[in-house]
Amino acid sequence: SQQGEEDPQALSIQEGENATMNCSYKTSINNLQWYRQNSGRGLVHLILIRSNEREKHSGRLRVTLDTSKKSSSLLITASRAADTASYFCATDGTSGSRLTFGEGTQLTVNP
Amino acid sequence: EAEVAQSPRYKITEKSQAVAFWCDPISGHATLYWYRQILGQGPELLVQFQDESVVDDSQLPKDRFSAERLKGVDSTLKIQPAELGDSAMYLCASSSTGYGYTFGSGTRLTVV
């Protein structure tokens, strides 16, 4: 069963614009991670934010976490056509180490 | 950069046939995962190994799926017999700390 739900399901923007994707989850977590998947390929780990953190940056990526609302957002600034991919949030619950993924957001960055 | 190796990259098989996938995790990674990803959905965990032991196989359809990691290194996932609904991407991942999984490129299975 899926733990996280991403919103929107699909997002289309122009190169240079910012892209924001949201993730909501249901149960308490140890950490939340974001992954990227190019079409037909495996997933690539982007960033991990722990339950006691509120914001984290990595290059053009900014992740926020609101444990009171059980939600997270991923912001990609100054998007590039190469950022076109599916983005998944995944949670690591407090009850075990299983990583549970959401349904993903398909991001298309138009040149 | 170290990678998780998976083979084959693509597999087409007829229903009721047996099929097997292989995964070689990053050297030293004790934890290995097999995920199944249906097109348009997120990955779902099938089985998790810690060294050679199964930690979680609660979502593995045990009537037809089996997984092993005999020496705690590489792993094989088998389906017998394959069904049309098994068509999906099968992803292997490994981690050393339980955080920041490294995924392989996956095996795309098509059952006809």
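Use the structure listed above.
**Examining the overall build of chain A**
- Counting its secondary structure elements, chain A contains zero helices and 11 strands.
- Helices and strands in chain A line up, N terminus first, as β-β-β-β-β-β-β-β-β-β-β.
- The C-alpha atoms of chain A give a radius of gyration of 13 Å, which matches the 13 Å a tight globule of 111 residues would have.
- Expressed as lengths along the three principal axes of its C-alpha atoms, the size of chain A is roughly 45 × 30 × 20 Å.
- Counting the 111 residues in chain A, one finds 45% classified as buried.
- In chain A, once contacts between residues fewer than 6 apart in sequence are set aside, the share between residues at least 24 apart is 55%.
- Separation between the mean location of the 12 positive side-chain charges and that of the 11 negative ones in chain A comes to 5 Å.

**Considerations on the pairing of strand β4 (residues 29–37) of chain A**
Residues and elements named next belong to chain A.
- Buried residues dominate β4, accounting for eight of its nine residues.
- For β4 and strand β9 (residues 85–93), the ladder comprises eight bridges, and the chain directions are antiparallel. Its bridge partner lying in β9, Gln-37 is registered against Ser-86.
- Across seven bridges, the pairing between β4 and strand β5 (residues 43–50) is antiparallel. Note on β5: the bridge partner recorded for Trp-34 is Ile-47.
- The turn linking β4 back onto β5 is made up of five residues, and Gly-40 within it adopts a positive phi angle of 75°.

**What to know about the interface of chain A and chain B**
- The interface of chain A with chain B comprises 21 residues on the first partner and 22 residues on the second.
- Interface area, chain A with chain B, both sides summed: about 1700 Å², of which 43% is carbon and sulfur.
- Linking chain A to chain B there are zero salt bridges.
- Across the chain A-chain B interface, the total number found is five residue pairs in polar contact (both at pLDDT 80 or more).
- Looking at the side of chain A that touches chain B, the elements with two or more residues in it are β4, β5, β9 and β10 (99–101) of chain A.
- Classifying every residue of the side of chain A that touches chain B gives six nonpolar, 10 polar and five charged.

**What about the environment of Gly-42 of chain B?**
Residue and element names in this part refer to chain B.
- As for its position among the elements, Gly-42 is in the loop between β4 (31–37) and β5 (44–50).
- Given a relative accessible area of 1%, Gly-42 falls into the buried group.
- Distance from Gly-42 to Pro-8, taken between C-alpha atoms, is 21 Å for residues 34 residues apart in sequence.

**Section: unusual backbone geometry**
- Here the amide bond leading from Asp-7 of chain A into Pro-8 of chain A is cis, since omega sits at 0°, within 30 degrees of zero.
- Looking at the secondary structure, you find Pro-8 of chain A in the loop between β1 (5–7) and β2 (10–14).
- The omega torsion of the bond from Ser-7 of chain B to Pro-8 of chain B falls at -5°, within 30 degrees of zero and hence cis.
- Looking at the element boundaries, Pro-8 of chain B is found in the loop between β1 (5–7) and β2 (10–13).
- Phi angles above zero are rare outside glycine, and Lys-70 of chain A is one such case at about 50°.
- Position of Lys-70 of chain A among the secondary structure elements: in the loop between β7 (61–66) and β8 (71–76).
- A relative accessible area of 28% means that Lys-70 of chain A is categorised as partly exposed.
- If you check the backbone angles, Ala-78 of chain A has positive phi at about 45° while not being a glycine.
- With respect to the element layout, Ala-78 of chain A can be found in the loop between β8 and β9.

Thresholds applied
Residues numbered from 1 in each chain as written. Chains lettered and ligands numbered in written order. Predicted model: local features only at pLDDT ≥ 70, side-chain atom pairs only at ≥ 80, totals over all residues. Heavy atoms only, no water. Helix = DSSP H or I, 4+ residues; strand = E, 2+ residues; numbered from the N terminus. Rg over C-alpha atoms; globule rule 2.2 N^0.38 Å. Buried < 20%, exposed > 50% of the residue type's maximum accessible area, 1.4 Å probe, protein only. Contact = heavy atoms within 4.5 Å. Lys, Arg positive; Asp, Glu negative; His and termini not counted. Charge placed at Lys NZ, Arg CZ, Asp CG, Glu CD. Pairing = 2+ DSSP bridges. Buried area = accessible area lost by both parts, 1.4 Å probe. Salt bridge = Lys/Arg side-chain N within 4 Å of Asp/Glu carboxyl O. Polar contact = N/O pair within 3.5 Å; in protein donor to acceptor, adjacent residues only side chain to side chain. Nonpolar A, V, L, I, M, F, W, Y, C, P; charged D, E, K, R; others polar.

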